[in-house]
Amino acid sequence: MKTLVVGVGGITNGGKSTLSKSLHLQIPNSCLIAQDSYFKDDSLVPVDSNGFKQYDMLDALLMDTMMAEVDSWRRDPEAFLRRRGLNPECTTPSADDVVHVLIVEGFLIFNHRPLNELFYKRYFMQIPYDVCKGRRSSRVYTPPDPPGYFDGHVWPMYLINRQEMESMESEILFLDGLKPKEELLAHVCRDVCQEIERLKGTLQTIY
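Since the model is a prediction, treat every value here as computed from it, not as a measurement. (Residues numbered from 1 in each chain as written. Predicted model: local features only at pLDDT ≥ 70, side-chain atom pairs only at ≥ 80, totals over all residues. Heavy atoms only, no water.)

Caption draft 1: The sheet that holds strand 1 (residues 2–10), seen in detail. Ordered in space as 2-3-1-4-5, the 5 strands form an open sheet in which the pairing is parallel. Taken across any chain shown, the strands that pair with only one partner, and hence form the sheet edges, are strand 2 (30–34) and strand 5 (173–176). Neighbour to neighbour, the strand axes of the sheet diverge by 20 degrees on average, direction disregarded. With 4 bridges joining them, strand 4 (residues 121–126) and strand 5 adopt parallel strand pairing. (Pairing = 2+ DSSP bridges. Helix = DSSP H or I, 4+ residues; strand = E, 2+ residues; numbered from the N terminus. Axes fitted to C-alpha atoms, helices over the stretch in contact; angles between N-to-C directions.)

Listed below in structure tokens is the structure:
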């Protein structure tokens, strides 16, 4: 049994969740873990001097819990899926030929070094400031964004986190979140499938 861990990161409202969910549906024997599922309780999230909740920081996330889930999958992907009430689908006759794929999605997955070190493939969804702000304002959050939150916290933290990410990791494929989602999915799916075939030992190199 072989495993492949893929990371889909990016800016808020950049399309990373849509891409990850679609990729999960396309890739056999895959599992999806989303970083947004590991936020701390609102009462435990730090507050800055402006009164803004610091959600866009690793300190707002239960990263130890998330890493435990990722490690559980890595030890035994099929058992991990069964514990979640899902049935592993093996599309090849021999278990030795199966490549299990874990798709990890989130806005700070490449900033957490222990998690970042596990990725074979890294994709980062990016969109311009004005598009991001427009999309963010059209969504309803719990708790809701207070006035000035995007410009006072979300965007500045994105720039800080991105700079930190780029200083830690160079092997990231940046994707234009303004492109059609079908085009993005086709590109990433093709890339991941090539890696799967490489792990199986069936990828043929064309000279």
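Caption draft 2: Up close: unusual backbone geometry. In this structure, the amide linkage connecting Thr-142 to the following residue, Pro-143, adopts the cis form with an omega of 0 degrees. In this fold, Pro-143 is placed in the loop between helix 5 (129–138) and helix 6 (149–168). Backbone geometry at Asn-13 places phi at a positive 60 degrees, although glycine is not the residue there. Mapped onto the fold, Asn-13 is located in the loop between strand 1 and helix 1 (16–26). What makes Asn-13 buried here is its relative accessible area of 11%. Backbone geometry at Asn-29 places phi at a positive 55 degrees, although glycine is not the residue there. (Buried < 20%, exposed > 50% of the residue type's maximum accessible area, 1.4 Å probe, protein only.)

Caption draft 3: Up close: helix 1. For helix 1, every residue scored as buried is listed here: Lys-16, Leu-19, Ser-20 and Leu-23. Viewed end-on, helix 1 has its buried residues packed into an arc of 95 degrees, placing them on one side of the element. Counted as exposed and oriented over 90 degrees from the buried face of helix 1: Lys-21 and Leu-25. Looking at the buried residues of helix 1, the elements they touch are strand 1, strand 2, strand 3 (99–105), strand 4, strand 5 and helix 7 (181–200). (Arc of directions from axis to C-beta. Contact = heavy atoms within 4.5 Å.)

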